[in-house]
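Summary of structural features
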Amino acid sequence: MMQESAIRVEGLRVRYPGAAADAVAGIAFTVAPGEVFGLLGPNGAGKSTTQRVLTGQHRRYAGTAEVLGTPVARWGRNLYERIGVGFELPAYLPKLTARENLAAFAALYHRPTDRPEQVLAAVGLADAADQRAATFSKGMKMRLNLARALLHRPDVLFLDEPTSGLDPVNAADVRAVIRAQADTGRTVFLTTHDMAAVEELCTRVAFMRAGGIVAVDTPRSLRLAYGRPSVMVDYTEAGELRHAEFPTTDDRALLALLATGRVQTVHTREAALADVFIAVAGQAPVGSP
Ligand code: ATP
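The protein has the name Putative ABC transporter antibiotic-transport ATP-binding protein in an unreviewed UniProt entry, where Virgisporangium aurantiacum is given as its organism. UniProt lists a comment for the protein under the heading Subcellular location (unreviewed entry), and it reads "Cell membrane".

Next comes the structure, spelled out in structure tokens:
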């Protein structure tokens, strides 16, 4: 049997009522099963709108939006048996414990669900299973949110800013949970501003700007195409410590500085995805006039 795509979008267009421009202006991309696909771009680019269409939460759109080979509009409620949705704002019942929350959500599914204890362990909340959700820290709420999205072993996991506002330890833990999900073959569709998450997790990323897609590729190819590796030098001048940065292509200026004997430290800085972000955020969307 031919493997269908996990997500297929073509000519997708959304304009909010009364808006002067499209929030999503005719975009196209395909996500293969098992991919971790990142949707990146500046605030207001149209990422959340795209994700709302794909998760059946925004129904007024033009063009094609398919999940697991079927148009979103044709799925109806069954879509939620097959996808997991973890959005930025935690959704839980504050008076219930973590375990009770998951048991309550599990009851909403027709398909088999994992045991709450199992899912809580997967997101690092085993010790807080009997604590009321209302008492959870932000990091714990994000984990509970993620647990809820995983409960019914969905084929595709949609995550909107899963590490937003988390400290570095919690963010790394959440990335590890997403990694583990991807390793089981689950497709993950992620919107994020967290470049570490992109580097660590994404098989491919699409950069959006002003409703359009400006680039789609692997993080590595994008870094090579747009990144800006450089050599950073600290040196002394007239008794003061100064800093200079040289593109790796400009070795003459660097060598001249090294020859002065006043150089204190030299570091190389690899091309980073943040460079790509800055470069493509200023570009016109593909296909725009
Ligand atoms: P962020 O990174 O800030 O989450 P985003 O890329 O997810 O941004 P969207 O939230 O999809 O961007 O917004 C795209 C455009 O649509 C913006 O111009 C925004 O103001 C507009 N917009 C979003 N939601 C609505 C709404 N419910 N009604 C009207 N306009 C909206």
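A sheet is described by the order of its strands in space; here four strands give the open sequence β2-β1-β4-β5, paired in antiparallel fashion. Whereas interior strands pair on both sides, the edge strands pair on one side only; in this sheet they are β2 (24–31) and β5 (70–71). Sheet topology note: the strand β1 (residues 7–14)/β2 ladder contains six bridges and is antiparallel. Residue pairing across strands places I7 opposite V31, the latter belonging to β2. Of the strands in this sheet, β1, β2 and β4 (62–67) are in contact with helix α1 (residues 47–54), which crosses β1 at around 120°.

Moving on to helix α11 (residues 273–281). Restricting attention to buried positions, one finds in α11 the residues L273, D275, V276, F277 and V280. Looking at the buried positions of α11, the neighbouring elements they touch are α8 (195–201), β9 (204–209), β10 (212–217), α9 (219–226) and β13 (263–269).

Cut-offs and rules
Residues numbered from 1 in each chain as written. Predicted model: local features only at pLDDT ≥ 70, side-chain atom pairs only at ≥ 80, totals over all residues. Heavy atoms only, no water. UniProt positions renumbered as here; feature names shortened; annotations may be inferred. Pairing = 2+ DSSP bridges. Helix = DSSP H or I, 4+ residues; strand = E, 2+ residues; numbered from the N terminus. Contact = heavy atoms within 4.5 Å. Axes fitted to C-alpha atoms, helices over the stretch in contact; angles between N-to-C directions. Buried < 20%, exposed > 50% of the residue type's maximum accessible area, 1.4 Å probe, protein only.

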